[in-house]
Amino acid sequence: MTTYVLLANWTDQGLRNVRESPKRLDTAKAALKEMGGEFQAIYMTMGEYDLIAVYEAPDDAVAARFMLLLGGFGNVHTKTLKAFPERAYREIIGSLG
């Protein structure tokens, strides 16, 4: 599985209906699980982003499909970061010679 970091901000629509956000999160969790992925951590944050999540997906195509699904609901704008675990980080840096 590949790890991704999701950075999200509520849209005007998402903020108007913020009380429904936990229900929307449950829907997102179920959709990701159906695609073969899983959330590892979810945080509501103060600052530049409203929500940050760490999740795993089988591959980049599933992650892209999941982000498109979330965006299509109209409640959040997202940015996605592909995360490399320490072992991969060390291998990548080590391969530089």
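The sections below set out a description of the structure shown in this document. (Residues numbered from 1 in each chain as written. Predicted model: local features only at pLDDT ≥ 70, side-chain atom pairs only at ≥ 80, totals over all residues. Heavy atoms only, no water.)

## Some thoughts on the packing of aromatic side chains
Point 1. By the definition in use, this model includes four aromatic pairs.
Point 2. Taking 5.9 Å as the distance between ring centres and 70 degrees as the angle between the ring planes, the aromatic pair formed by Phe-39 and Phe-66 counts as edge-to-face. Here Phe-66 lies in helix 3 (residues 60–73) and Phe-39 lies in strand 2 (residues 38–44), a separation of 27 residues in the sequence.
Point 3. Taking relative accessible area as the criterion, Phe-39 reaches 14% and is therefore assigned buried.
Point 4. Geometrically, the ring pair formed by Tyr-55 and Phe-66 is edge-to-face, given 5.4 Å between the ring centres and 65 degrees between the ring planes. Remark: Phe-66 occurs in helix 3 and Tyr-55 occurs in strand 3 (residues 51–57); sequence separation between them is eleven residues.
Point 5. Among the aromatic residues, those joined into a ring-pair cluster are Tyr-4, Phe-39, Tyr-55 and Phe-66. (Phe/Tyr/Trp six-rings, centres within 6.5 Å; stacked < 30°, edge-to-face > 60°. Helix = DSSP H or I, 4+ residues; strand = E, 2+ residues; numbered from the N terminus. Buried < 20%, exposed > 50% of the residue type's maximum accessible area, 1.4 Å probe, protein only.)

## Side note on the environment of Thr-78
Point 1. Within the fold, Thr-78 resides in strand 4 (residues 76–83).
Point 2. Each C-alpha atom of the pair Thr-78 and Leu-51 lies 9.3 Å from the other, and the pair is 27 residues apart in sequence.
Point 3. Apart from the residues within four sequence positions on either side, Thr-78 is in contact with Leu-6, Leu-7, Ala-8 and Met-67. (Contact = heavy atoms within 4.5 Å.)

## Some remarks on the sheet that holds strand 3
Point 1. The antiparallel open sheet is built from four strands, whose spatial order is 2-3-1-4. Looking at the sheet topology across the chains shown, the edges are occupied by strand 2 and strand 4. Sheet twist, expressed as the mean angle between neighbouring strand axes with direction ignored, is 20 degrees.
Point 2. Across the sheet, helix 2 (residues 21–34) touches strand 1 (2–10), strand 2 and strand 3, and the angle it forms with strand 2 is around 160 degrees. (Pairing = 2+ DSSP bridges. Axes fitted to C-alpha atoms, helices over the stretch in contact; angles between N-to-C directions.)

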